[in-house]
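# Fold and geometry: a report
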Amino acid sequence: MSITNLKANIIRFKRKFHVNQLIRGSLVSLILFGAIWLIFSLLEGYFWFGQPARLVIFSILLILLLYFVVFRILIPISKIIQINRGLTDHQSAILIGQHFPEIQDKLLNLLQLSESNTQQSSLLLAAIEQKQSELKIFDFNEAVDFRVNKKYLFYATALIAIVLCVSFISPGLFSSSSARIVQFNKPFEKPAPFTFNLQSDLIAFKGDSYELKVDLDGESLPNEVFLLDNNQKFRLNKSNDGQFIFKYPSISNDKTIRFSAAGFDSKLYTINVINRPE
C-alpha cells in the first residue's frame, strides 16, 4: 500500500467520521433543544409568564437553536464538503490506532516519517512496501461505527412520543404556549376556567331600580362573584339556583361594568340608561 493509497484510505475515514459527527450532532441537538423547549412550553402553559420572563425564555431558545445549527450541523457539513477543514491526518491516525490494536501508533509514525526529508521518505516507502500485506487487511472506515448513534435515536423517539402524548391529553398546549413565547412582547391574559353569562338586558330606565343576573359556566366554579363599577367593588348575592344577583336601588347614568371572580375578570359591559316612555 503506497502513501497515496494510505492517505486515500485516511480521507475515507475522515469523511465517514464527520458524517457520524453530523448524525450524532443532529440527534443530540434535536433531543436537547426538544427537551428544553418541552420544559419551557409546559411551564409557560401552566404559569402564563409575563413579557419579561417570556423574553428570557425566547432568548435562551434562540441562542441554543443557533448554537446547535452552527456547531452541530453546519460545521460538520462544511468538514464533509471541505475535508481538509476537519481532522488532520495525524489526528485521524491516532483515532484509527485506538480502534485497531494491531496498528496502535504505527500509522502515526509512518505519516510522520513521510513528512520528513527525501531520504527518510524513501526508507518509509520501503517500509510501507514491506508492511503492505499487513495494512491491506485494514479498512479505516471500520473505525467509525454508526451504530453508537442508536441510543440517541432511542432518546429522540422517546421525546417525540412524550410530545405526542401531551398533545393528545392537552391539544393545543404546545402551539399556544410556543406562540406566546415567540410573541414575547405581546401581553396575554390567562383564560378563566369558567365563563360569565350575563342574563340581564343592558337597558335600564332612569331613576328605576335595576337588577343584574349572572350565571357561571365551567368545570371549576367560584363561590363568590363581584361587580366592578368604576372604582367600586360590590359582592353579588348567590341565589338557591346558583345564579348571582346584584340590584341597583336607583340608576340614573350609563355605567360600564365588569364582573370578577377567583382572580379572573369578565369583558366590559355597558348599561344604557334611557328615559321611561310616557
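In this report, the structure presented in the accompanying data block is examined. Numbering of residues starts from 1 in every chain and runs along the sequence as written. Two thresholds apply to this predicted model, a pLDDT of at least 70 for residue-level local features and 80 or more for giving and counting side-chain atom pairs, whereas whole-chain, interface and lining totals are computed over all residues. As a rule here, side-chain values come from all non-hydrogen atoms in the structure, and water together with hydrogens is ignored.

## So, the pairing of strand E4 (residues 226–229)
Relative to strand E5 (residues 232–235), E4 runs antiparallel, the two sharing four bridges. Of the residues in E5, the one forming a bridge with Phe226 is Arg235. The antiparallel hairpin formed by E4 and E5 contains two residues in its connecting segment, where Asn230 sits at a positive phi of about 60°. We treat two strands as partners when DSSP finds at least two bridges between them. A run of H or I in DSSP counts as a helix once it spans at least four residues, and a run of E counts as a strand once it spans at least two, with each numbered from the N terminus. One ladder, built from four bridges, connects E4 with strand E8 (residues 255–261); its direction is antiparallel. Bridge pairing in E8 links Leu228 to Arg258.

## Examining a nonpolar patch on the surface
Residues enter a patch when their relative accessible area is above 30% and they make no salt bridge; the linking distance is 9 Å between like charges and 5 Å between nonpolar side chains (Val, Leu, Ile, Met, Phe, Trp, Tyr). Methods summary: accessible areas were calculated by the Shrake-Rupley approach with a probe of 1.4 Å, and residue burial reflects only the protein chains presented. Take a side-chain nitrogen of Lys or Arg and a carboxyl oxygen of Asp or Glu: if they are within 4 Å of each other, that pair is a salt bridge. Where nonpolar side chains cluster on the molecular surface, the patch consists of Leu65, Tyr67, Val69, Val70, Phe71, Leu74, Ile77 and Ile81 and spans about 700 Å² of accessible area. Position of Tyr67 among the secondary structure elements: in helix H2 (residues 51–81).

## Concerning the side chain of Asp89
Examined against the element boundaries, Asp89 turns out to sit in helix H3 (residues 89–99). Nitrogen and oxygen atoms within 3.5 Å of one another constitute a polar contact, given that in protein one can donate a hydrogen and the other can accept it, and given that sequence-neighbouring residues count only through two side-chain atoms. Side chain to side chain, Asp89 and Lys14 meet in a polar contact 2.7 Å long. Whether two residues are in contact is decided by their heavy atoms, any of which lying within 4.5 Å being enough. Ignoring sequence-local partners within four residues, the contact set of Asp89 consists of Lys7, Ile10, Lys14 and Leu111.

## Focus on the pairing of E8
The pairing of E8 with strand E10 (residues 269–274) spans three bridges and is classified as antiparallel. The residue bridging Ile257 from the neighbouring strand is Tyr269, located in E10. Note: E8 against strand E9 (residues 264–265), two bridges, orientation antiparallel. Within E9, the residue paired with Ala261 across the bridge is Phe264. A loop of two residues connects E8 with E9, the two strands running antiparallel in sequence, and Ala262 in this loop sits at a positive phi of about 55°.

## Focus: helix H7 (residues 150–169)
For H7, spanning 20 residues, the distance from its first C-alpha to its last is 29 Å, which sits close to the expected 28 Å at 1.5 Å a residue. Along H7, the residues classified as buried are Ala156, Leu159, Val163 and Val166. On an axial view of H7, the arc spanned by its buried residues comes to 90°, and they lie on one face. Across H7 from its buried face, at more than 90 degrees, point the exposed residues Lys150, Phe154, Leu164, Phe168 and Ile169. By this rule, a helix spans an expected 1.5 Å times one less than how many residues it contains. Burial classes follow relative accessibility: with a 1.4 Å probe on protein chains only, a residue under 20% of its type's maximum area counts as buried, one over 50% as exposed, and anything between as partly exposed. This arc corresponds to the set of directions leading from the helix axis out to the C-beta atoms.

## Section: unusual backbone geometry
Unlike most non-glycine residues, Trp48 shows phi in positive territory, near 50°. In this fold, Trp48 is placed in the loop between helix H1 (3–47) and H2. On the accessibility criterion, Trp48 (21% relative accessible area) is partly exposed. The backbone phi angle of Asn230 is positive, close to 60°, even though this residue is not glycine. Secondary-structure assignment places Asn230 in the loop between E4 and E5.

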